[in-house]
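Residue-level structural notes
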There are 2 protein chains.
Amino acid sequence: MVTLKDIAAEAGVSITTVSNVVHNRKSRVSPELVRKIEKIIQREHYAPSMSARSLANDQSNIIGVITHLTPQNTGSTVGDPFMSSFVDSVEKRIREEGYYLMIRAVEDAAELDSLSRSWRLSGLILTGMFQDDFFQTTSALGIPYVLIDSYVEDPEACCVLLEDEKGGYIATKYLLEKGHRAIAFASPSIRPGGVIEKRFIGYRRALEEYGIPFDPSRVFTQEITVEEGKKLGRQLAGRTDLTGIFASADILAAGIMAGLSERGVNVPEDKSVVGFDDNYLAQLTVPCLTTIHQDAKRKGILATDLILKQLRHEPIEEKNIVLPVYLVERGSVLPLR
Amino acid sequence: MVTLKDIAAEAGVSITTVSNVVHNRKSRVSPELVRKIEKIIQREHYAPSMSARSLANDQSNIIGVITHLTPQNTGSTVGDPFMSSFVDSVEKRIREEGYYLMIRAVEDAAELDSLSRSWRLSGLILTGMFQDDFFQTTSALGIPYVLIDSYVEDPEACCVLLEDEKGGYIATKYLLEKGHRAIAFASPSIRPGGVIEKRFIGYRRALEEYGIPFDPSRVFTQEITVEEGKKLGRQLAGRTDLTGIFASADILAAGIMAGLSERGVNVPEDKSVVGFDDNYLAQLTVPCLTTIHQDAKRKGILATDLILKQLRHEPIEEKNIVLPVYLVERGSVLPLR
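Residues numbered from 1 in each chain as written. Chains lettered and ligands numbered in written order. Predicted model: local features only at pLDDT ≥ 70, side-chain atom pairs only at ≥ 80, totals over all residues. Heavy atoms only, no water.

On to the confidence of the model for chain A. On average, residues of chain A score 91 in pLDDT, and 98% of them reach the 70 mark or higher. Overall fold confidence for the complex sits at a pTM of 0.87, while the interface term, ipTM, reaches 0.86. (pLDDT = per-residue confidence, 0-100.)

A few words now on the interface of chain A and chain B. Many structure descriptions define interface size as the accessible area lost when the parts assemble. Contacts between chain A and chain B engage 58 residues on the former and 59 residues on the latter. Across the interface of chain A and chain B, roughly 5000 Å² is buried in total on both sides, 57% from carbon and sulfur atoms. Broken down residue by residue, the surface that chain A buries against chain B is led by Arg104, Trp119 and Leu284 of chain A, which jointly contribute 13%. Summed over the shared surface of chain A and chain B, the result is 17 residue pairs in polar contact (both at pLDDT 80 or more). When residues of the side of chain A that touches chain B are traced back to their parent elements, those giving at least two are helix H4 (50-57), helix H5 (81-96), strand E2 (100-106), helix H6 (109-119), helix H10 (226-237) and helix H11 (250-262) of chain A. (Contact = heavy atoms within 4.5 Å. Buried area = accessible area lost by both parts, 1.4 Å probe. Polar contact = N/O pair within 3.5 Å; in protein donor to acceptor, adjacent residues only side chain to side chain. Helix = DSSP H or I, 4+ residues; strand = E, 2+ residues; numbered from the N terminus.)

The subject of this paragraph is H6 of chain A. All names here are of chain A. When you tally the buried positions in H6, you get nine out of eleven residues, the bulk of the element. Where H6 is concerned, the buried positions are Ala109, Glu111, Leu112, Asp113, Ser114, Leu115, Ser116, Ser118 and Trp119. With its phi angle positive at about 50°, Arg120 sits one or two positions after the end of H6. (Buried < 20%, exposed > 50% of the residue type's maximum accessible area, 1.4 Å probe, protein only.)

With an RMSD of 0.2 Å, the fit of chain A onto chain B corresponds to turning through 180° and sliding 0.1 Å along the axis. Considering both components of the superposition, the chain copies are consistent with a two-fold axis. Comparing interface residues between copies, 100% of those in chain A also lie at the interface in chain B; the contact surface is shared. (Least-squares fit on C-alpha atoms with pLDDT ≥ 70 in both.)

The subject of this paragraph is the packing of aromatic side chains. Aromatic rings considered in pairs are described by the distance between their centres and by the relative angle of their planes. Residue and element names in this part refer to chain A. In this structure the tally under the stated criterion is 16 aromatic pairs over all chains. Between Phe82 and Phe86 the ring centres are 5.8 Å apart and the planes differ by 20°, which places this aromatic pair in the stacked class. Highlighted residues: Phe82 and Phe86, both in helix H5, separated by four residues, approximately one helical turn. By relative accessible area, Phe82 is classed as buried at 16%. (Phe/Tyr/Trp six-rings, centres within 6.5 Å; stacked < 30°, edge-to-face > 60°.)

The subject of this paragraph is the sheet that holds strand E8 (residues 244-247) of chain A. All names here are of chain A. Pairing within the open sheet is mixed, and its six strands lie in the order E7-E6-E8-E9-E10-E12. Of all strands in the sheet, those bounded by a partner on one side alone are strand E7 (219-221) and strand E12 (326-328). Geometrically, the sheet is characterised by an average inter-axis angle of 20° between neighbouring strands, direction not taken into account. Examined bridge by bridge, E8 and strand E9 (residues 272-277) share three bridges and lie parallel to one another. (Pairing = 2+ DSSP bridges. Axes fitted to C-alpha atoms, helices over the stretch in contact; angles between N-to-C directions.)

Okay, a negative patch on the surface next. All names here are of chain A. A surface patch of negative charge is lined by Glu107, Asp108, Asp132, Asp133 and Glu153. Residue placement: Glu153 occurs in the loop between strand E4 (145-148) and strand E5 (158-162). When its relative accessible area of 77% is taken as the criterion, Glu153 is described as exposed. (Patch = residues over 30% accessible without salt bridge, like charges linked within 9 Å, V, L, I, M, F, W, Y side chains within 5 Å. Areas by Shrake-Rupley, 256 points an atom, 1.4 Å probe, with all protein chains shown as cover. Salt bridge = Lys/Arg side-chain N within 4 Å of Asp/Glu carboxyl O. Lys, Arg positive; Asp, Glu negative; His and termini not counted. Charge placed at Lys NZ, Arg CZ, Asp CG, Glu CD.)

This part is about the packing of helix H2 (residues 15-22) of chain A against helix H3 (residues 31-44) of chain A. Residues and elements named next belong to chain A. Running from N to C, H2 and H3 cross one another at 80°; their axes reach a closest spacing of 10 Å. On the basis of their axis angle, the class for H2 and H3 is roughly perpendicular. Counting all contacts with H2, which are made through Thr17, Val18, Val21 and Val22, the residues of H3 involved are Leu33, Val34, Ile37, Glu38 and Ile41. The class makeup of the residues in the contact of H2 with H3 is seven nonpolar, one polar and one charged. (Parallel < 35°, antiparallel > 145°, perpendicular 65-115°, else oblique. Nonpolar A, V, L, I, M, F, W, Y, C, P; charged D, E, K, R; others polar.)

All names here are of chain B. Summed over all chains, the structure comprises 42 salt bridges over all chains. Residues Glu156 and Lys319 are paired through a salt bridge, measuring 3.1 Å at the closest nitrogen-oxygen approach. Within this pair, whereas Glu156 is found in the loop between strand E4 (145-148) and strand E5 (158-162), its partner Lys319 is found in the loop between helix H12 (296-311) and strand E11 (320-323), the two being separated by 163 residues in sequence. Look at Glu156 and you get exposed, because its relative accessible area is 53%. Classification of Lys319 as partly exposed rests on a relative accessible area of 29%. One salt bridge connects Asp215 with Arg218, and the closest N-O pair in it is separated by 3.6 Å. On the basis of relative accessibility, which here comes to 26%, the residue Asp215 falls in the partly exposed class.

Below, the structure is given as structure tokens:
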């Protein structure tokens, strides 16, 4: 069997150089040399054994993107627009840096522990809400990990977060500035410590600033699906007391708009709507959706880079990255006369 | 170090039973026994080494979902609604069956060859268009593979396809039956042997049946992005000669509808639109989109099952699965008076 050493000897280069070509870190090698080495590799039909390497190095070069299976989320990993955009960006970054991506949904901390140790995963990107024992398990593994959209207390944990509270605040404040006073809050279930709770807190802070008492009958929670969103839209069509709606996700906002439209209620003439995410849906609704911008692709890049920096023992300036949000003004809000 | 055998001995069960629990094939074991075995595993902190197992079995239990990097597709793996829904369903099925999912974009056949051999991948799911040398490389690997939406001649290759030609035909015929005669065809670039070409051939067949000469000025190709779709919608608003539009993807149809609306052209009153996919976008547009249904989740399940059957040496009744399409009538088409 041909080894890395054989290839290096024949090309007259170091083993590291061949390794860079083999593991797709080609930018570190001159194009000419890349061609020369690839030619030898192809002729000799060389493929490094990742399993052997994994046993030798005690890590696999696989980074896992882990989602949490719950009764509410029965198995979706990349099914929604945020996750598909986020994972897309992680795959690209990981590949460019010579690593490999495994995606996996797990039910509990024991499953994560077993998955990570049996594969000797090089790093973990945990998306969504997990209970505290997950974080204990994860940090006990002793491998780099990054938490996405998880509000945990541990200052040692690497996190990529969003200004969720501010997002909820500026969305609601925008509606208030346009004269709206009776504003609905629509979201999936508000779990303590989750991103939705932060956005909800922002909603309440804005109301408070304007001296508007919080009214629980204006809070609507349901699953994040198109069908549930449309159902809520049809329901909100009957709530003539409400003039503004803040939805915690664009897909929910788009569903609400479709449901309102089915009942002959026009946006923004009859009701104003603000979303959250600024994904492509916000540009497909008619009118286009005024929404809070977050950058899912950038989240993916930053999360991957935090893992890579740990793997390479590079200094990490910021363990807690909080991405900024801002409001994008489009056509779904009208000032209240 | 604790071995599988130790756990089995302590639980008083076979190694296979412990293995089923470890590799998440829990449905084959009684809940009571699962709990008992998991308790021992946790106490003993047991994790099987996948690398050692991979070296011993000459396969890793990893199934790769591979996409093709092209100048048109610079790195997206799960970024679009079809792929996100497809991969979501593959991950779930693979997990339930005790396998693991790697997603990866590759540039050429050599990269696929090296990836597959170095990881000892257990199977490959190839999505999208590849050149012929890809299929030669893939079959030379000697591992199970499935081609998704690839029209290849090889009767030995496992494929999951769609009635693409029929989809194009019934979409166009539906518009013709409603009295439309000047019908646009909107799609990404029409590559020979690709799914879009099949849908295009269906479009032309329907026109021919109705004795309508093909007019190349009614064919519009552009990238599949929201922005390009909206641009095309604005452009089509000026084409008063055209009363019907068949778009080869829902995301394109939704973009076109948004672009038409920007120019004050109403769907379906001024122009009728038919899409293709029947993903969630078709229920978010106003009016809801009349479209050709395909089942991306089912494609994922069938593709995974074709790999698993090959791995388990089970008989395969159908190597070429062609999923049916049908038209879903919603609100975006009006009979032409």
